[in-house]
Each structure stands twice: as C-alpha cells, then as structure tokens.
Amino acid sequence: MKTIVFVGAGSMAQAMIHGWMKEATVSPENVYVMNKSDQEKLASLSKTYGVQLVCENREIVKTADLVILAMKPKDVQAGMSSIAPYLPSTAVVLSILAGVPMDTIEQGLGKRPIARCMPNTSATIGMSASAVAWNEKMESHDKTEIIELLKTIGSVIEVEEDELHVITALSGSGPAYVYYFVEAFEKAAVASGLSPNVARNLLVQTIAGSAEMLKQSNETPSILRKQVTSPGGTTEAGIEALQDSGFADMLARCLHDAETRSRELGKRYI
C-alpha cells in the first residue's frame, strides 16, 4: 500500500501507527491522518511519528491506496461524507470500527474492496490479536497486503463478518478486561500487605508466563490449571472461591453483554 489515509485519530489508530513506525512497516511520509477535531492530537501524531496531516484540503485522498476508517462509530456517516467525493475507485477501505457493517460502508463509499478488522491496542507493541473479514470485491492480492500490514502489529486471522461481534467482545475489548483483572488483584494484594510495586511485578510476570505456557504447551487450559492445583492446597482454595463467586458466569455475561452491544451498534448503522 503506497498511500494510507487514516480517517480518525483515536487510540486504535495511534496504536497501529506506533506499531507500523516501530517496525518500519510503512514510511511515515506515506501515512496521512485526518480528524474532525482535536488538532493538538494531530500535531502530536505528526511530531511523534512524522506522519502527514490532512487538514481542510482533502485532495490527498484522491491518491489513497488504502483508507482506514478509525473514527468513532457515531461519526462514521460524517467521516465517509467528508472523503467520498475524493476517494478514487481503486482505493481499498479497511474499517476498524466496532459494529459498523460493510453494507453501511458500501452505501457511504460505494461498491469497492472493503475489509473489516478488529485489532486491539496491543498493536502498540506489536502484540495485537486481530481478526479480519472481507467483502466479495476484495481481491487476493489486496487481502495479502492487508494481512501483511496487520501481521506487523501482531497475529491475524480471517473470519466471517458476523463473527466480528463476538471477537470485538473477546479480543477487541480483551485488554481492558485483563487490565481490570490486574487492577482488582493488585488492590487485593496491597490490602493483604504487599507493596504496589511488588504486587504489580509479580502479577505481570505471572500473566506473561501463563500466556506463554498456553502458547507453547499442547495441553488445554483445564489441564494446565489442574497441574497447578494440588488437592487441599492453596490453589484449590482460591479456585473454589472463584467458583463460589460465579467467576465463569461473570465472564460469560461479560462476553455476552459486549457482543450484544456490538450487534446493537451494527443495527444502528444499517
């Protein structure tokens, strides 16, 4: 992709740009960013990463090879209207908007190759878990280029568009759940007498080590859990407390409610 235009400069756009610049995936002079407001944020992006800014003059959009929709979902119609008169027929569109279906994007930007992707903010450190879906206009070479771009900020899998609702709930929002888990566990550890620094370091390494075990081991999470859990021991006592508190049911509700919200957003923009 020679010229990439971000429409929107939120946290996900910033994470992707940071990841691409860190990995030298694309040249900053080929990346353009526009935002409906918050000029300070745009100036900061330009200063930090050397990317180009799109201001009132939208002529640069005429040269776009890839347009990434990264505004808030509520701003999607206004964002598409601002670029539609300038967008060349050859441009590919990649949306990272939660809930907004490809049909809506086609209505706003015409029948063209469109991809929907749900990355997460771990793209900042090249560790995103991204899922991508395509419309029927997407050619194999465009798919390959987009997948290669996404791989530089983490892992990527191809899915059907409808699956993106639960994926949004699972991996798109997932980092927030993990941070909330650490936040709560750290607070409990401090209340039990550990210093915040000790609690944080131990928790972060425990999560990192457990994640790596899941990646490297051929065992299921259930087997790995049982290998740590001795009968009558401390781990069993902790697991029983989680079970008694309905931990699994809480996670199921978390996933369900987030997926439901994604579907509600999708219906709003049909």
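Residues numbered from 1 in each chain as written. Predicted model: local features only at pLDDT ≥ 70, side-chain atom pairs only at ≥ 80, totals over all residues. Heavy atoms only, no water.

1. Some points on the sheet that holds strand 6 (residues 114-118)
As a reminder, the rule being used: A pair of strands is treated as paired once DSSP finds two or more bridges between them. By definition, any uninterrupted DSSP run of H or I lasting at least four residues is a helix, any uninterrupted run of E lasting at least two residues is a strand, and each is numbered from the N terminus. Here, residues are in contact when the closest pair of their heavy atoms is within 4.5 Å. Under this scheme, a helix contributes an axis fitted over its contacting stretch, all axes are lines through C-alpha atoms, and angles between N-to-C directions fall in the 0 to 180 degree range.
If you trace the 8 strands from one edge of the open sheet to the other, you get 3-2-1-4-5-6-7-8, paired in mixed fashion. At either end of the open sheet lies a strand with only one pairing partner, and these are strand 3 (52-53) and strand 8 (154-158). One ladder, built from 4 bridges, connects strand 1 (residues 4-7) with strand 2 (residues 31-34); its direction is parallel. The residue bridging phenylalanine 6 from the neighbouring strand is valine 33, located in strand 2. Against the sheet, helix 3 (residues 76-83) contacts strand 1, strand 2 and strand 4 (66-69), and its axis sits at roughly 160 degrees relative to strand 4. Strands in contact with helix 4 (residues 102-109) are strand 4, strand 5 (92-95), strand 6 and strand 7 (128-134); relative to strand 6, the strand with the most contacts, it is inclined by about 135 degrees.

2. Quick word on a nonpolar patch on the surface
Going by this rule: A residue counts toward a patch only above 30% relative accessible area and without a salt bridge, and it is joined to like-charged neighbours within 9 Å or, for Val, Leu, Ile, Met, Phe, Trp and Tyr, to nonpolar neighbours within 5 Å. Note on areas: Shrake-Rupley, 1.4 Å probe, and residue coverage restricted to the protein chains presented here. A carboxyl oxygen of Asp or Glu within 4 Å of a side-chain nitrogen of Lys or Arg is what we treat as a salt bridge. Only protein chains enter the accessibility calculation, which uses a 1.4 Å probe; a residue whose area is less than 20% of its type maximum is buried, one above 50% is exposed, and one in between is partly exposed.
Together, Phe181, Phe185, Leu242, Phe247, Met250 and Leu251 make up a nonpolar patch on the protein surface, roughly 550 Å² of accessible area in all. Of all elements in the fold, only helix 7 (174-191) and helix 11 (247-268) reach the threshold of two or more residues within the nonpolar patch. Among the elements that make up the nonpolar patch, the one with the highest residue count is helix 11 (3 residues). Along the chain, leucine 242 turns up in helix 10 (residues 234-244). Residue classification places leucine 242 among the partly exposed positions, given a relative accessible area of 38%.

3. Quick word on the packing of aromatic side chains
Under the convention used in this document: Centres within 6.5 Å are what make two rings of Phe, Tyr or Trp a pair, Trp counting through its six-membered ring; a difference in plane orientation under 30 degrees is then read as stacked, over 60 as edge-to-face, and the rest as tilted.
If you walk through the whole model with that rule in mind, you get 2 aromatic pairs. Ring centres 5.8 Å apart and planes at 50 degrees place the aromatic pair phenylalanine 6 and tryptophan 20 in the tilted group. Of the two residues, phenylalanine 6 sits in strand 1 while tryptophan 20 sits in helix 1 (residues 11-23), which places them 14 residues apart along the sequence. Note on phenylalanine 6: relative accessible area 0%, which makes it buried.

4. Examining the layout of surface pockets
Where we set the bar: As defined here, a cavity is a set of points on a 1 Å grid over the protein atoms alone where a 1.4 Å probe fits but cannot get out. A pocket is an open set with protein on both sides within 12 Å along at least five of seven lines, and residues line them when an atom is within 4 Å of a point. Grid points are joined across faces, edges and corners, and a volume is the space filled by probe spheres set on the points.
Roughly 740 Å³ of volume is contained in the second largest pocket. Every residue lining the second largest pocket is counted, 34 residues in all, and those nearest its centre are Gly10, Ala70, Met71, Lys72 and Pro73. Mapped onto the lining of the second largest pocket, the elements with two or more residues apiece are helix 1, helix 3, helix 6 (164-172) and helix 7.

5. Comments concerning the pairing of strand 1
Definition in use: Call a crossover right-handed when, viewed with both strands pointing away from you, the route from the first strand across the helix to the second goes clockwise.
Both faces of strand 1 are covered, namely the face carrying Ile4 and Phe6 and the face carrying Val5 and Val7. Handedness of the strand 1-helix 1-strand 2 crossover: right-handed. One ladder, built from 4 bridges, connects strand 1 with strand 4; its direction is parallel. Along strand 4, the bridge assignment pairs phenylalanine 6 with isoleucine 68.

6. Focus on helix 3
Rule in force here: Working definition: the arc comes from the directions between the helix axis and the C-beta atoms, pointing outward to the latter.
Those residues of helix 3 lying buried are Val76, Gly79, Met80 and Ile83. The buried residues of helix 3 all sit within an arc of 95 degrees when viewed along its axis, so they share a single face. Away from its buried face by more than 90 degrees, helix 3 exposes Ala78 and Ser81. Considering only its buried residues, helix 3 is in contact with strand 1, strand 2, strand 4 and helix 4.

7. A word on unusual backbone geometry
A positive phi is found at alanine 24, a non-glycine position, where the angle reads about 55 degrees. Relative to the helices and strands, alanine 24 resides in the loop between helix 1 and strand 2. According to the relative accessible area criterion, alanine 24 is exposed, its value standing at 62%.

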